[in-house]
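Coordinates in review
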Amino acid sequence: MAKFDEMAFYDHKEMTNISYAPPATPWMDTPVQFRPGSYIYPGKARHLEYLGLPNAREWEVTENDWKLQDNWKQIILEGMADRLQRFRSFKLFMDICVRCGACADKCHFFIGGGDPKNMPVLRAELLRSIYRKNFTAMGKVMGKIAGGRPLTIDVIKEWFYYFFQCTECRRCSVFCPYGIDTAEITIMGRELLGLLGIYVNWIIEPAANCFRTGNHLGIQPHTMKDIFDDFATDIEDITGISLDIPFNKKGAEVLFVTPSGDIFAEPGIYTAMGYCLFFNEIGLDYTWSTYASEGGNFGLFTSNEVMKRLNSKIYAEAQRLGVKYIIGGECGHMWRVLHQYMDTMNGPADFLETPKNPITGTVFEHAKSTKMIHIMEFMADLIKNGKMPPVDKSRNDDCVVTFHDSCNPARGMGIFEEPRYVLRHVCNNFVEMPENTIREQTFCCGGGAGLGTDENMEMRLRGGLPRGAAVKHVQDEHGVNRLSCMCAIDRATLHTVCEYWAHGVEVCGITELVANAMICKGEKKREINMRFQPLPGAEQE
């Protein structure tokens, strides 16, 4: 989590003095300039070796020689040919774009930086131009006139620079009249770079850790158990309720999976404590897992194969423990993978049942395929059927709350109303940001898809400008001081965005606010919230 003095290097006046004028030279002839703050350090050899990925070596982005294989051109073109054959969507996206420009001003990185190669249409052209030159008759004959260009080392460097300035948020796809999913083009671009051993460390290290220990930080099972013992102690101090948090419990009805960001860092830990208190209060027969201790999937930002390998552990653990179905926590990219890829990658999960709420009897038919539901769906169902534990909304009266639609569960999964329904149930003061910045049109945090590292700070702040401006608007107009969201990466990166663009607004999860408001059976007089801060009205006492 970045400190404010690390961001102070970037002057607000300079950061908002954005020129949208195109460069003097044509885009194919404008080279990449790697400057500090605009790129991420390369993946270390040991992480590539652990995952069995090609061309593991130590190299530097700013060096001329990236230590590629001698036949690197052949590798790229054969890799592209293979993917054009296997992924029909990739072939369509290469062919059907008419460069209408509907997406041009929709990307937060273009809005915040003005670089025309961060227009989604032009970012896709970086890859599409190689496709035209090598896989279309017009491109082979006419070259640049037909939009084709030769594959050079400068093209590879350009791919690296711009495909790792895309958070795969898919906002551009909402406005595309042909439905082109630029995120899928970014995934293909990164996957092709991976054939040359070109990864960023902020992505490949968590992926390797997750494959080895089950979570991004490489935390061992006994350490995770110790952390939850600490959570139980803190919850007892706050509420007076003693919890026995279940782990690796065979025969439990539900396996609960959440991102490790909820477990190992603020402010996610308060959301994790909220999960534990909530499940205990409703008496759900559930279990955490020390094996499937990571819902987040950095394979989504690496390659289809790594994504599949990391996701498989969730079904494997559900089968081993003999649960009926799975509930997932407040995570972003976990839900993009689960909702759009899981069943075809690792399913069908015929050993599981269609999720059914044991308290309300609701059968979640929309989850018949994946056998997994979102915790917001589960909570909203309890509220709708009058089965939610009683709440005291005034316990959150120190918060004027707005809500950030996290890209993957929102645009990628369609969960828009459930989190708002829950927030309004536990908060008296809820304010929406401007309509063109939420729901389907939500802006990204600027640090998703593995871009949320401090060496990439300038691009994070530029990419976070549109969301930061919307938060600043409701802060100034309505006194908003709390930005809620249901994604661990958002909770980490939006802290930086708010610190810089809307100073004074704190970030939180939704279940943290639920836990604050929930009146639990047998609780002592509540005087502090999940952050050990005084509840409204308790300061004087």
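Basis of the calculations
Residues numbered from 1 in each chain as written. Predicted model: local features only at pLDDT ≥ 70, side-chain atom pairs only at ≥ 80, totals over all residues. Heavy atoms only, no water. Domains from an automatic or database assignment. Contact = heavy atoms within 4.5 Å. Buried area = accessible area lost by both parts, 1.4 Å probe. Salt bridge = Lys/Arg side-chain N within 4 Å of Asp/Glu carboxyl O. Polar contact = N/O pair within 3.5 Å; in protein donor to acceptor, adjacent residues only side chain to side chain. Helix = DSSP H or I, 4+ residues; strand = E, 2+ residues; numbered from the N terminus. Nonpolar A, V, L, I, M, F, W, Y, C, P; charged D, E, K, R; others polar. Core = buried A, V, L, I, M, F, W, Y, C linked by side-chain atoms within 4.5 Å. Buried < 20%, exposed > 50% of the residue type's maximum accessible area, 1.4 Å probe, protein only. Pairing = 2+ DSSP bridges. Axes fitted to C-alpha atoms, helices over the stretch in contact; angles between N-to-C directions. Parallel < 35°, antiparallel > 145°, perpendicular 65-115°, else oblique. Left-handed = near helix turned anticlockwise from the far one by under 90°.

1. Observations regarding the domain arrangement of the protein chain
- Split by domain assignment, the protein chain resolves into domain 1 (16-199) and domain 2 (207-517).
- The distance between the C-alpha centroids of domain 1 and domain 2 comes to 31 Å.
- Taken together, the contact between domain 1 and domain 2 spans 39 residues of the former and 41 residues of the latter.
- A per-residue breakdown of the area domain 1 buries against domain 2 is headed by Tyr50, Leu51 and Arg171, which together make up 19% of the total.
- Viewed at the interface, domain 2 and domain 1 are joined by three salt bridges.
- Across the salt bridge formed by Arg35 and Glu458, the nearest N and O atoms sit 2.8 Å from each other.
- Between domain 1 and domain 2 we count 15 residue pairs in polar contact (both at pLDDT 80 or more) in total.
- For the side of domain 1 that touches domain 2, the secondary structure elements donating two or more residues are helix H3 (45-51), helix H6 (108-113), helix H10 (171-175) and helix H11 (182-194).
- Take the side of domain 1 that touches domain 2: its biggest share by element is six residues, from H11.
- Each residue belonging to the side of domain 1 that touches domain 2 can be placed in one class, and the counts come to 20 nonpolar, 10 polar and nine charged.

2. Considering the nonpolar core
- Grouped together as the largest cluster of nonpolar side chains are 98 residues, with contacts concentrated most on Met80, Leu127, Ile156, Trp159, Phe160 and Ile198.
- Core analysis: the second largest hydrophobic core is formed by 78 residues, Leu243, Ile327, Met379 and Ala515 among them.

3. A closer look at the sheet that holds strand E3 (residues 325-328)
- Pairing is parallel in the open sheet, where four strands are placed in the order E2-E1-E3-E4. Two strands in the sheet have a free side with no partner beyond their single neighbour: strand E2 (286-287) and strand E4 (372-374).
- Note: strand E1 (residues 254-257) against E3, four bridges, orientation parallel. If you follow Phe256 over to E3, its bridge partner there is Ile327.
- Its contacts with the sheet place helix H17 (residues 333-340) against E1, E3 and E4, and it is angled at close to 140° to E4.

4. Comments concerning the pattern of salt bridges
- For the structure on display, the rule yields 37 salt bridges.
- Residue Arg336 is joined to Asp181 by a salt bridge in which the shortest nitrogen-to-oxygen separation is 3.8 Å. Here the residue Arg336 occupies a position in helix H17, and Asp181 occupies one in the loop between H10 and H11, the gap between them amounting to 155 residues. Of the two residues, Arg336 and Asp181, neither departs from the other in class, the shared state being buried.
- Notably, a salt bridge pairs Asp476 with Lys472, separated by 3.4 Å at the nearest N-O pair. Here the residue Asp476 and the residue Lys472 both occupy positions in helix H23 (residues 465-478), the gap between them amounting to four residues, near one helical turn.
- Residue Lys472 is classed as partly exposed on the basis of its relative accessible area, which comes to 33%.
- One network of salt bridges, with partners in common, ties together Asp405, Glu417, Arg420, Glu432, Glu435 and Arg439.

5. Re the packing of helix H4 (residues 72-86) against H11
- In contact at an axis separation of 9 Å, H4 and H11 are set at 140° when each is read in the N-to-C sense. When the axis of H4 is compared with that of H11, the two are oblique. Considering how the two elements wind past one another, H4 and H11 form a crossing that is right-handed. In this structure, H4 uses Ile76, Gly79, Met80, Arg83 and Arg86 to contact H11, whose residues at the interface are Met188, Glu191 and Leu192.
- Residue composition of the contact of H4 with H11, by class: four nonpolar, one polar and three charged.

6. A word on the environment of Lys144
- Summarising the element assignment, Lys144 is placed in the loop between helix H8 (137-142) and helix H9 (153-163).
- Lys144 sits 116 residues away from Met28 along the chain, and the two C-alpha atoms are 9.1 Å apart.
- Filtering out sequence-adjacent residues up to four positions away, Lys144 remains in contact with Met28 and Asp29.

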